[in-house]
Amino acid sequence: MTQGLFGQVEMNRCSPVPVGRRDYLTYRGNVAVGRHGWLRLTPAYSLALVRELLKDSGPDELVLEPFSGTGTTPLACATLGIRCHAVEINPFLVWLGNLKLTRFDKGTDRALLAAASGIAENARDPDAVEWRPALHQIEKWWDAPTLHALAALCKGIRRQFRKRAPGVSDLLRVAFCRVMIRTANVSFGHQSMSFKKKDDGEEDQLIRETSARCARRVTDAFLAAAREVAESLSVDPPGAEARVLPGDSRHLHSVLPERGYTAVITSPPYPNRMSYIRELRPYMYWLGFLSDGRAAGELDWRAIGGTWGCATSMLNTWTPDGRNGIPFPHFDRIIRDIGKGHALLGRYVHKYFEDIRGHIEGLRSVLAPGARCHYIVGNSKFYDTMLPVEGIYAALFEDAGFANVRVATIRKRTSKKELYEFIVHAHMPHGGKSCHPLFLVP
Ligand SMILES: C[S@@+](CC[C@H](N)C(=O)[O-])C[C@H]1O[C@@H](n2cnc3c(N)ncnc32)[C@H](O)[C@@H]1O
């Protein structure tokens, strides 16, 4: 049993302990906390969770986050004065993570507000702006006047990029993203984005709103967003060196600049077919990180668990590594059962765990003896087949020679009764397979 932030949870291996939703352990716990709240992107865990896992850290702690996402772990570490290196495959998230970790000069907030008001003023001028991001069916995302106003803001920010210090132009882009997503015709469900259905009243309002009024509404929202970003800069600023490195966490050895990481805190992608590229595409197209659908699918294919766009057809020709099975009882049967519903899904889950196995095996070359690993993972269900993700992670850690492997249920994920989130804890052995008592999970 363990107490604390997570409440009282029993350590177990494969069956979830009934616990509630505990939204404070998700990104919802971060939205009001300075830079953590800039954008709501990939599913993230909370700052409070990272702090709890690091509460007994000493001065020599060096944390690794192999799946950085929105950068919760490196930012939490940096504000606690703990060094951290994170790895992320998506270039947009690398950019955003490093921006959150920047120690800005005094006066950056004032420079940001001055630049934002110049851009807003110019964007109110209804001159035509030709450029549009090549986002598929962009008219489903924004009506024409809003799109026009956003394009004008974007053009102004690009001009600023040449004039201003890089920090200010990057922060202007964050303010732009906040407005761009707030004005989009989308809603975010528990897992992914969908288009909102407009009712007749909304259509009427759009027809009545002139381009000039729309431009004012959007530029006012941009100024408000710039103020929010400026205010966030002084909240818990980063105190220690932390950064996000671009790269693939299946090849940590070649990505990381150091060895001897003392702790890993992360949540890898879940095997639930959620595509980070699909979810992030409006940001990535507007900011120039993506310019066509092919590149989007290829990036998703490089990510663990990606199946969007052309990644789907690439998965169709993927074959498992025949030499090494996944060391979990009945894994092959589970894959066959999932594949009965849809052959591609069976292959998807199989590839996911082969990738995760490669990642876990690679950890051994970069961790310090006794290093603690904390993996937040969620289970999945495909048709009638439960996928015990937490148990398979535990088995992969044990197979890779990690010691003291434990699973704790931390929260219920959705209204579906079987879906939970877990922490899989494991320790890098001290030479052999045994573990120093200091590093034992309480
Ligand atoms: C669940 S999110 C991480 C959330 C993060 N812990 C947070 O709190 O923001 C998983 C991340 O892993 C990244 N990813 C997927 N495959 C990767 C790989 N092979 N190497 C590095 N990052 C990868 C995805 O782009 C995504 O941002």
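Just above, that's the structure.
We now turn to the structure provided with this report. (Residues numbered from 1 in each chain as written. Predicted model: local features only at pLDDT ≥ 70, side-chain atom pairs only at ≥ 80, totals over all residues. Heavy atoms only, no water.)

## Looking at the site of the ligand
By nearness alone, 24 residues border the ligand, and Thr70, Thr72, Glu88, Asp248 and Ile304 come closest of all. Note that a nitrogen atom of the ligand is positioned 3.3 Å from one of the backbone N or O atoms of Ile89. For the ligand, the protein covers 99% of the area, taking 600 Å² as the surface of the free molecule. A breakdown of the residues in the shell around the ligand according to their chemical character gives twelve nonpolar, eight polar and four charged. (Near = heavy atom within 4 Å. Polar contact = N/O pair within 3.5 Å; in protein donor to acceptor, adjacent residues only side chain to side chain. Areas by Shrake-Rupley, 256 points an atom, 1.4 Å probe, with all protein chains shown as cover. Nonpolar A, V, L, I, M, F, W, Y, C, P; charged D, E, K, R; others polar.)

## Some words on empty space enclosed by the protein
Under the counting rule described, the total for this entry stands at five cavities of 30 Å³ or more. Approximately 60 Å³ is the volume attributed to the largest cavity. In terms of lining residues, the largest cavity is bounded by Trp301, Ala303, Gly305, Gly306, Leu315, Tyr348, Lys351, Tyr352 and Asp355. By residue number, the principal contributor to the lining of the largest cavity is helix 15 (residues 343-363), which donates four residues. When the residues that make up the lining of the largest cavity are grouped by side-chain class, the tally is five nonpolar, two polar and two charged. Along its surface, the second largest cavity is lined by Val33, Gly34, Arg35, His36, Arg51, Leu75, Thr79, Val235 and Asp236. (1 Å grid on protein atoms, 1.4 Å probe; cavity = no way out; pocket = protein on both sides within 12 Å on 5 of 7 lines; lining within 4 Å. Points joined across faces, edges and corners; volume = space filled by probe spheres on them. Helix = DSSP H or I, 4+ residues; strand = E, 2+ residues; numbered from the N terminus.)

## What to know about helix 16 (residues 389-399)
Burial within helix 16 is extensive, with nine of its eleven residues counted as buried. Here helix 16 has its buried residues at Val389, Glu390, Gly391, Ile392, Tyr393, Ala394, Ala395, Leu396 and Phe397. Gly401, located one to two residues past helix 16, shows a positive phi value of around 90°. (Buried < 20%, exposed > 50% of the residue type's maximum accessible area, 1.4 Å probe, protein only.)

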